[in-house]
4 protein chains.
Amino acid sequence: MPTSFFNDLLQTLTDRGRAILGLPRDVVARGNVVELGEHLLSGRGEASGVALARAVLDSYAAAPLAGRLSFLTALAERFGADRSLVEKAIEAYRKEPSEANLHALHTAAEARRQELMRRLNLAPGGTAALVRMREELLAHLSARPDLRIVDEDFVHLFSSWFNRGFLVLKPIDWTTPANILEKIIRYEAVHEIRDWDDLRGRLEPPDRRCFAFFHPQLVDEPLIFVEVALTGEIPGAIAPLLARKRTPIAAREATTAVFYSISNTQKGLAGVSFGNFLIKQVVEDLKRELPNLKTFVTLSPVPGFAAWLKRERQAEASDALDADAKATLRLLDEPGWHEDAEKAERLRKVLMAAAAWYFLKAKTPKGRPVDPVARFHLGNGARLERLDFLGDTSPKGLEQAHGLMVNYLYALEDIEKNHEAFAAAGEVIASSAVRKLLKNNAPSRAVTLIPTD
Amino acid sequence: MPTSFFNDLLQTLTDRGRAILGLPRDVVARGNVVELGEHLLSGRGEASGVALARAVLDSYAAAPLAGRLSFLTALAERFGADRSLVEKAIEAYRKEPSEANLHALHTAAEARRQELMRRLNLAPGGTAALVRMREELLAHLSARPDLRIVDEDFVHLFSSWFNRGFLVLKPIDWTTPANILEKIIRYEAVHEIRDWDDLRGRLEPPDRRCFAFFHPQLVDEPLIFVEVALTGEIPGAIAPLLARKRTPIAAREATTAVFYSISNTQKGLAGVSFGNFLIKQVVEDLKRELPNLKTFVTLSPVPGFAAWLKRERQAEASDALDADAKATLRLLDEPGWHEDAEKAERLRKVLMAAAAWYFLKAKTPKGRPVDPVARFHLGNGARLERLDFLGDTSPKGLEQAHGLMVNYLYALEDIEKNHEAFAAAGEVIASSAVRKLLKNNAPSRAVTLIPTD
Amino acid sequence: MPTSFFNDLLQTLTDRGRAILGLPRDVVARGNVVELGEHLLSGRGEASGVALARAVLDSYAAAPLAGRLSFLTALAERFGADRSLVEKAIEAYRKEPSEANLHALHTAAEARRQELMRRLNLAPGGTAALVRMREELLAHLSARPDLRIVDEDFVHLFSSWFNRGFLVLKPIDWTTPANILEKIIRYEAVHEIRDWDDLRGRLEPPDRRCFAFFHPQLVDEPLIFVEVALTGEIPGAIAPLLARKRTPIAAREATTAVFYSISNTQKGLAGVSFGNFLIKQVVEDLKRELPNLKTFVTLSPVPGFAAWLKRERQAEASDALDADAKATLRLLDEPGWHEDAEKAERLRKVLMAAAAWYFLKAKTPKGRPVDPVARFHLGNGARLERLDFLGDTSPKGLEQAHGLMVNYLYALEDIEKNHEAFAAAGEVIASSAVRKLLKNNAPSRAVTLIPTD
Amino acid sequence: MPTSFFNDLLQTLTDRGRAILGLPRDVVARGNVVELGEHLLSGRGEASGVALARAVLDSYAAAPLAGRLSFLTALAERFGADRSLVEKAIEAYRKEPSEANLHALHTAAEARRQELMRRLNLAPGGTAALVRMREELLAHLSARPDLRIVDEDFVHLFSSWFNRGFLVLKPIDWTTPANILEKIIRYEAVHEIRDWDDLRGRLEPPDRRCFAFFHPQLVDEPLIFVEVALTGEIPGAIAPLLARKRTPIAAREATTAVFYSISNTQKGLAGVSFGNFLIKQVVEDLKRELPNLKTFVTLSPVPGFAAWLKRERQAEASDALDADAKATLRLLDEPGWHEDAEKAERLRKVLMAAAAWYFLKAKTPKGRPVDPVARFHLGNGARLERLDFLGDTSPKGLEQAHGLMVNYLYALEDIEKNHEAFAAAGEVIASSAVRKLLKNNAPSRAVTLIPTD
């Protein structure tokens, strides 16, 4: 239980905050964030740094939206590198292209906001405040592309502060403190947790597990968590896993660990990925605890499928769908089709073939799979193992993927190879079963697939 | 007690290490560190990164001295920035000096070794291994100034990883695990701890305290620690504080907290300072625990005094010493002078005046105080409070400072002001008592001193 | 947080259970609890004791009701003292009435079931199983008075095992593990906790506290807990304290700590009292944490008032009520009277006078106060401070006490004196305000009351 | 690590002590322990019980020897049962020998000191104070046999309070807090631990283990501990196990766990045995951690051998030694014989045969083995596995056993059977190798030994 340690740490941090050393009080009183930032940056020493950093962050938090936005703008415009120093460094490097001069150029070209962020991070609660600041920044980016350079500095620093070595994996279960558990309820992004009973059903039964990454600086805040079901086989639908009145099995009898939900909790850490590490470590921890586990697999949503299929159906010329397929797919427009056994059966083959195409052949402009969940798991070195027809018949499941779910398989011995093939050549590693679905659909097209099974 | 958490974390890290995923085994087998490093850096993803980082660090640790030195050399020569990219970035920036192009130049000019170090840090035990690597690097620097650029990158990254926000202050006492305590014995650098009984005498009595900073990545390793005596007045000598058979006082009766020993433990973290934070936080924690404490003061060695005095005595023209003083100081050359009350009394005035000069007027070429301990405490915002004649008559104390010790006073309300005066104008903040010693000596010279008391 | 320790302990206990040493398996297989018990008791050593005790308890738990009842009956009938040994011991004592022979008589007269219970207690989970066994026994007592002797032995042993020295007080808050918190929800007996949000409202606000006693042998089981509200004055009604949308105050501003709910959780520990210790220790802990707290008071239900009043109203001759009072009290029979300001006002004086009589003069046959909650707090040395008209207008509050609540005041300096007066002379210590209510009602009767304020 | 919990608990207990409620101060001031005891016992409630109990214990601790002895005497003489009540209870029982009357007789015959001890146990630190009180009592027993009845009540209560269910097994290692470790050094009773380095040599190497039992009421006090060496075979001598510069083996390579030292720490708990439980639980824990361990064995001293042998050598007629044997054994009187290979070899056979007789045939008047260590391990169900000639050539080892050591084997599957045979029939379970040694010596005597191997 990390809590007592974390609370301890929190206490330490909070107490430290009381030591507001002698501040330039008029500046603080006026609460001019930018001026405070300049003051913090210009400080020759650390004597008042912590208190000043705290003042900057407090001023920011207390400022109205316009004030906060002007601070973010100032970060972009006024806390860049000193251009005259950059010029001098370029000159010096060109005159003598030594390693030392190159290093000096690197230093001169570093935006001053990076050092400012480092100093803000010294404040008690500083890391959390900066993560929230970036969350706000991200919301502005589409309207304010000029702020993107600030975001790049955030990502650079966060990648260092949240590097894997600082993350601690902890099991989440029914003995976990309630203040952590309520965050699991709040942050679950894949299959909503309705209330505490629902939560308990995912944590307490012997065939359920949950794990989260914590960071010493974000006390009592899980950064990412994964929910796991222990089963006797690879499941093809989510509802039985979440059923309230199911009969659990003994953990030692399980052969399969199913990752059925992975949720990031901190929007401000977007792009600083831990999911990759999380899954691999959970695989290892579970293997050690339960040697009977042989199969590690996800049961995943397909968030982009319905939108893609709609486009293909509307396209005059679709590589993915021929006229017959389009005709059959009209059944999708009839409400309740999934509860009509006959309609569903007619749709199955066509929909599965289209799905195979979606995963194996549909690409983004950069040549990567269209589906974001697929990109994540394939990028981790998983294999697309199975497509699950009507795996999720909840309104959300029907809307985003016509009920489709998929299983990605994590085979530790193949992860490296799969990852390299995907990263280097863009190959989508899929089981022969998935590939066969494609062949049925489009035998005439040449698809290069490496034989992975 | 952080230990169970730290052990937990250690276990986590160790376990993770077992997961050596599919490695390019021939490279590992050959153990070519540089090649491994390139491989690690070129990796497109993180799939094998942890295992590879572990392999690089293991190869380095297992290599002979020459091999390790060649890796350090390679870090300097082969893992700098890509100069062609730097050229292009300069051109682009000159063509269009936008923030984005400046950021791109900064990125291009970053030595590749920085990213390499970040990736090595992902290995279990990576941080500790990098700290040891830098310790070794520091030992080579005087002979190999070309490696200094590598050191600068180490300092840059360590400053980020070991920033104040990640450090946890913990009391060290007689209930602390033995494996931590033996490190306190080993690392004590000011007043040697001879054995466990000696250690207990510094931890267990009610008027003794000890605090250390820990970092989540260096398990069971105190980074820096301070030993504190609670007393009724500012002490003028170390021996009574360390006496084995003294009678302790109740903590609540103490009015003064004396920091009589501060030791850094990690040579590889030289220049990444925590001492400043440590003292200030300990002051606050003690104030909270014991509201009766009014005075926070050090009892500090004067490591540079004897050497400086020797130079002054030998100098033909000394501003600090006149002929009379030099004559009297010859008594210092007589062994056992400090045990001869009459000789000691004759020396007292002259020696104290010279010491005042040493602290207040002697400067390094950069205009800073000659004494390194003075630079540390004055830089923290402390005040030079008192000079203690014959404060340390141990062989070491006599040799390095003719027995002189000093007290630096930490008055929280003045710290900021003192620090600024010292940092901005190089002013040595001293009590009037210390300043008077100087006046007696050299009335004719104008010394600008701000009135601090 | 005791949990990790408790879990640790639990693990230890559970693991130990695996070591079922060589058992007389046929006995176990047949599951004859009584025979197993005899076997356990006859064991010459402890070698197989733990496993055998486990087997007895498992057999008991698995037996049907009739089997369990027959075991309890056997405890009464077959596990008493050996009467022939008792006879011999009496003879020996009469012949030579030495201390040693008296001790031998004591030993001979001890029911064998006591030793059996002690040995059962050695099993992992033994204490919890015995507590559950007694809970079942209590349910049989009214129909089976012959089992009362078994109950006395339970109480004797439980008083030893659950003595104050073994209990650990722990705060319960929103960082407490969920498996503990759900028991708080389940066991709250005074003011129902409806759901987790309701629970949070009682734990998380800065002006709320909760404390529970734990015992090392009943892991994760609070034995008794008290809910506390920090307020600015003595509250006269429960609804504002429990209101969901109230505005909390800062803990440091509170002057009054209100114990508004105390719940025992283990029926099997009935008669083994901890409440007394709990309140006193919570008073001390709160005083230490919040020196501003001056007043420690309950807001308590009056569970016996309505029933008593009904009897008095129906009695032809009531000392407590005269004809006028009876007439007025008929308003109580009109539904919704408490929401009718005029009716309520007419009732107030009469009802309060009757309540004063109820507390101060109504007695059980043994001469103790009729109200069980009054007996508890007065026995603890508290003072009856104030009667609160319409303090609890919930259906339960109206039904059991016509809305009446009361405040008992815990003044540490008077507790001993109050307790002694109550215990020795049956005096009900009450404030003058409460006593005045009585005088108004029955001025002609002499009531001896010590002047406590 | 139990420490934080224990410290927490300690804090709780200490804090509680501050609440010295209203005491009868004159009694306390006069410090009459007996009077205080009567007061405590006569208390009608618990209101002042804790404070009063503390006062009794403090008065006792502060009293001079004579005062303490008079309190112990008073426990025997004045706190026995009330004899008139006993008489009445006997009469009632004889008139109607019901279970209830028998229970009443049991209650009446209970010495009042038992209840007094229970109430003293409520004080903070009460349990520890009572354990110390009994330690003192034990020292008086031989001179004051009248106090033995007090001791019996102590044992009765301690057996309840320190029953197995309340004990927590914890590993002791180099991460254990120093305040616990110094007690391991102090209490080690078999093979002295000279200093902290010696201690470390027994805790830190991978092939060493140590375990202790703790009790929640005796904070930071191990009650009993066992030191374990992991080896490749059953060792025949202690010196190699304790050698400072030995090369440890990996724990996973070990096949044998050797219990080479078991020490009780609390004299006041003599006769309240935990050793039995300790060894069995450690066997189980080690088996779980290290499945390769197949053999669990002690390396034990033979404390009574030399004294017994001396008596046999001096006896005119010895069943154990014939004239030849006596002649050979004269070599034992020559100093340094054990370092003279030839003498040692001449002695070996005779000494080993005598030792076999000592273990297998020499009996106490009650028919039990003469050797106390043998009684302990055989009573636990262990088997006498091997006699080790010159196993301990330290001065102590030579003096008490002419260098002899022995191995007792703990085979979990035989423990119950061995224990029963020993407990029921007094059979000494020994390996055939040990029995053969006896046969060689005394073939003409019939010794019934069950074939255990």
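Rules used throughout
- Residues numbered from 1 in each chain as written.
- Chains lettered and ligands numbered in written order.
- Predicted model: local features only at pLDDT ≥ 70, side-chain atom pairs only at ≥ 80, totals over all residues.
- Heavy atoms only, no water.
- Buried < 20%, exposed > 50% of the residue type's maximum accessible area, 1.4 Å probe, protein only.
- Helix = DSSP H or I, 4+ residues; strand = E, 2+ residues; numbered from the N terminus.
- Arc of directions from axis to C-beta.
- Polar contact = N/O pair within 3.5 Å; in protein donor to acceptor, adjacent residues only side chain to side chain.
- Contact = heavy atoms within 4.5 Å.
- Buried area = accessible area lost by both parts, 1.4 Å probe.
- Salt bridge = Lys/Arg side-chain N within 4 Å of Asp/Glu carboxyl O.
- Phe/Tyr/Trp six-rings, centres within 6.5 Å; stacked < 30°, edge-to-face > 60°.
- Pairing = 2+ DSSP bridges.

- Going by an unreviewed UniProt entry, chain A carries the name Malonyl-CoA decarboxylase and comes from Chelatococcus albus.

## Some remarks on helix H18 (residues 372-379) of chain D
All names here are of chain D.
Here's step 1: All of the buried residues in H18 are Val-373, Ala-374, His-377 and Leu-378. Along the axis of H18, the buried residues cluster in a sector spanning 120 degrees; they form a single face.
Here's step 2: The residue sitting at the N-terminus of H18 and contributing the capping side-chain oxygen is Asp-371; that oxygen lies 3.3 Å from the backbone nitrogen of Val-373.
Here's step 3: In the stretch just after H18, Gly-381 is the one whose phi turns positive, near 100 degrees.

## Some words on the side chain of Thr-256 of chain A
Here's step 1: With respect to the helices and strands, Thr-256 of chain A occurs in strand E4 (residues 256-264).
Here's step 2: One polar contact links Thr-256 of chain A to Thr-255 of chain A, side chain to side chain, over a distance of 3.2 Å.

## Here's the deal with the interface of chain B and chain D
Here's step 1: Listed as interface residues are twelve residues of chain B and, on the opposing side, twelve residues of chain D.
Here's step 2: The largest per-residue losses of area from chain B upon contact with chain D belong to Trp-174, Thr-175 and Trp-196 of chain B, which jointly make up 44% of the total buried on that side.
Here's step 3: Connecting chain B to chain D are two salt bridges.
Here's step 4: Two residues, Arg-200 of chain D and Glu-182 of chain B, come together in a salt bridge whose shortest N-O distance is 2.1 Å.
Here's step 5: For the pair chain B and chain D, the interface holds eight residue pairs in polar contact (both at pLDDT 80 or more).
Here's step 6: Broken down by secondary-structure element, the contributors of at least two residues to the side of chain B that touches chain D are helix H11 (178-187) and helix H12 (196-203) of chain B.
Here's step 7: The element contributing the most residues to the side of chain B that touches chain D is H11 of chain B, with four residues.

## A few points about the packing of aromatic side chains
Here's step 1: Overall, the coordinates contain 42 aromatic pairs over all chains when judged by the stated rule.
Here's step 2: Ring geometry for Phe-158 of chain C against Trp-161 of chain C: centres 6.0 Å apart, planes inclined by 45 degrees, an arrangement best described as tilted. Here Phe-158 of chain C pairs with Trp-161 of chain C, and both are found in helix H10 (residues 148-161), just three residues apart, close to one helical turn. Each member of the pair, Phe-158 of chain C together with Trp-161 of chain C, is buried.
Here's step 3: When the ring of Phe-158 of chain D is compared with that of Phe-162 of chain D, the centres are 6.0 Å apart and the planes differ by 80 degrees; the resulting orientation is edge-to-face.
Here's step 4: The class for Phe-158 of chain D is buried, based on a relative accessible area of 1%.

## As for the pairing of strand E3 (residues 224-231) of chain B
Residues and elements named next belong to chain B.
Here's step 1: For E3, the buried fraction is high: eight of the eight residues fall into the buried class.
Here's step 2: Of the two faces of E3, the one carrying Ile-224, Val-226, Val-228 and Leu-230 and the one carrying Phe-225, Glu-227, Ala-229 and Thr-231 are both buried.
Here's step 3: As judged from the six bridges shared by strand E2 (residues 208-214) and E3, these two strands associate in the antiparallel manner. From the neighbouring strand, Ala-212 faces E3, where its bridge partner is Phe-225.
Here's step 4: Of the strand pairs in this sheet, E3 and strand E4 (residues 256-264) are connected by eight bridges, and their pairing is antiparallel. What sits directly across from Leu-230, in E4, is Ala-257.

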